[in-house]
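Remarks on the overall topology
The residues making up each chain are set out below.
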Amino acid sequence: MKRALIASTLLSTFLLSGCNLVVMNPSGDVAVQQANLIVYSTILMLIVIVPVLALTVFFAYRYRASNKNAAYEPDWHHSTTLEIIIWSVPLAIIICLAGLTYVATHRLDPYKPLSRISADQAIDESVEPMVIQVAAMDWKWLFIYPELGIASVNEVAAIVDRPIEFQLTSTTVMNSFYVPALAGQIYAMSGMQTELNAVINEPGIYKGFSANYSGEGFSQMRFKFHGLNEADFDAWVEKVRGDDKVLDTDTLEALNQKSIAHPVTYYGRLDDSLWERIVNTCVNGEDLCRHDMMMVDALGGGGLEGLWNRDMFRGICSADDPGALMALIRPELRIKKDDLVTAMTLTAPLNAN
C-alpha cells in the first residue's frame with residue numbers, strides 16, 4: 001500500500017510537471033490581466049481561508065477531550081474583540097474584492113478598444129485594429145477578413161502586437177468563442193453581433209474551441225489560432241488568396257450544413273455583403289432581413305399594412321440613402337423623412353434642433 005502511494009505521488013508529480021496551464025500562463029495581454037485578476041482574488045480570499053483552516057486544526061488539537069490542561073469555560077458567551085475581528089476582516093476583504101472586480105470589469109470590457117498592447121508597450125493610435133468576423137456554425141468556425149477579402153474555416157491568423165477586433169455571430173444555436181491564450185470567452189448568438197477586443201503578444205500556434213455545448217459535434221468544434229509576425233502573416237494571406245474558392249451565398253449555404261471535424265478550408269475571394277446578411281439571418285435572399293423586419297415594426301407593422309411593408313421595404317436598411325428611397329416608395333410620407341431615418345438608424349434626426 002505504501003509503495004502504491006509513493007508511485008502514484010511520483011506519477012502525479014511527473015504528469016503535472018509537463019502541464020502548461022495556459023489560462024495562468026497566456027500569451028495575450030488581455031488574458032494576462034485576467035490571470036492576474038484570478039491570482040489577486042485568490043490571495044485576498046486566502047487571507048480568510050488559511051487562518052480558518054489553521055484555527056480549525058488548532059482548536060481541534062487544543063481542546064481535544066484528552067487535553068486536561070485546556071481552559072474549560074462553559075459560561076463564556078461573548079467577546080467584543082473577537083466579534084470585531086470576525087466581521088471586520090471579511091468585510092475588508094469583500095470591499096477590496098468588490099473594488100478590484102469593478103475596476104477590472106470595466107478595464108477588460110470585451111467591447112472596449114484596447115488601452116495598451118502589453119504592460120510595457122503603449123497602444124499606437126495610428127494603427128487600426130485588425131477586424132476578424134467570426135461565425136459559429138454546426139460544428140465549425142468561419143473566419144472572414146473584410147479588409148483583405150478572404151475567409152477561412154477552422155483556422156485564423158493575426159499579427160503579433162496588433163490589436164484585433166473580433167465581431168462574432170452564430171448561424172445556428174448560441175455558442176462560445178474561446179482562445180485561452182488570447183482572452184476570455186465571448187458568446188456568439190444568432191441574429192446578434194458581439195465583440196471581443198484582444199491582442200496576441202507572442203508568436204505561436206494556439207488552441208481555440210467552443211466553450212458552450214452545442215450538440216453532437218461540440219467536442220470537435222476546434223480551430224487553430226496563429227500568432228504571426230507581419231512577414232509570416234502576409235505569407236499566410238497569400239496562401240489563402242491562392243485558393244480559387246469563393247465564399248458566396250451558395251457556398252455559405254453548403255458550408256452551413258452540419259459537419260463534424262471539418263477540415264481547414266480557405267476562400268480566396270468573398271461576397272462583400274455576406275457578413276451583414278449572416279448577422280441578419282437572410283443569407284439566401286428570400287428571408288426578410290432582421291434589420292428590415294425591425295424597420296417594418298418601427299413603422300407600425302402588423303395586419304395588411306405590415307404585409308405590404310415587408311415586401312416594399314425589403315433591403316431598405318442596406319440602401320445608400322434609405323430616406324430618399326422611402327420618399328420614392330411612399331411619397332405621402334416625404335414630410336416625415338427625418339422620423340423615418342430615425343426609425344431606421346435608431347439615432348436622433350440630423351435637424352433635431
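Residues numbered from 1 in each chain as written. Predicted model: local features only at pLDDT ≥ 70, side-chain atom pairs only at ≥ 80, totals over all residues. Heavy atoms only, no water.

1. Some words on a nonpolar patch on the surface
Quick reminder of the rule: Patch criteria: residues need more than 30% relative accessible area and no salt bridge. Like-charged residues are merged within 9 Å; nonpolar side chains of Val, Leu, Ile, Met, Phe, Trp and Tyr are merged within 5 Å. In this description, accessible areas are obtained by the Shrake-Rupley approach with a 1.4 Å probe, and a residue is regarded as covered only by the protein chains that are shown. Take a side-chain nitrogen of Lys or Arg and a carboxyl oxygen of Asp or Glu: if they are within 4 Å of each other, that pair is a salt bridge. The secondary structure listing takes helices from DSSP runs of H or I that are at least 4 residues long and strands from runs of E that are at least 2 residues long, numbered from the N terminus. Between buried and exposed lies partly exposed: a residue is buried under 20% and exposed over 50% of the maximum accessible area for its type, with that area taken using a 1.4 Å probe on protein chains only.
A grouping of Leu21, Val23, Met24, Ile38, Val39, Tyr40 and Ile43 is seen on the molecular surface, where their side chains present a nonpolar patch of about 620 Å² in accessible area. Of note, Ile38 is situated in helix α2 (residues 29-62). Residue Ile38 is classed as partly exposed on the basis of its relative accessible area, which comes to 39%.

2. Thoughts on the sheet that holds strand β14 (residues 265-267)
The condition is simple: We treat two strands as partners when DSSP finds at least two bridges between them. Fitting a line to C-alpha atoms yields each axis, with helices limited to the stretch in contact; the angle taken between N-to-C directions then spans 0 to 180 degrees. The contact criterion used throughout is that any non-hydrogen atoms of two residues lie within 4.5 Å.
The strand order β10-β7-β3-β4-β5-β14 describes an open sheet built from 6 strands, whose pairing is mixed. Either end of the sheet is taken by a strand with one partner, and the two such strands are β10 (194-198) and β14. Strand-to-strand twist in this sheet, taken as the mean axis angle between neighbours without regard to direction, amounts to 20°. As paired elements, strand β3 (residues 130-137) and strand β7 (residues 164-170) share 7 bridges and run parallel to each other. Paired with Ala135 across the bridge in β7 is Thr169. Contacts between helix α4 (residues 230-241) and the sheet are confined to β3, β4 (140-145), β5 (150-153) and β14, with β5 contributing the most and set at about 85° to the helix.

3. Looking at the sheet that holds strand β8 (residues 175-178)
Strand order in the open sheet formed by 5 strands is β6-β12-β11-β8-β9, and the pairing between neighbours is mixed. With one partner strand each, in any of the chains shown, β6 (155-159) and β9 (186-188) form the two edges of the open sheet. Looking at each pair of strands side by side, their axes are set apart by 25° on average, direction ignored. By the bridge criterion, 6 bridges tie strand β11 (residues 204-210) to strand β12 (residues 222-228) in an arrangement that is antiparallel. Bridge pairing in β12 places Ile205 opposite His226. Seen against the sheet, α4 touches β6 and β12 and runs at an angle of roughly 145° to β6.

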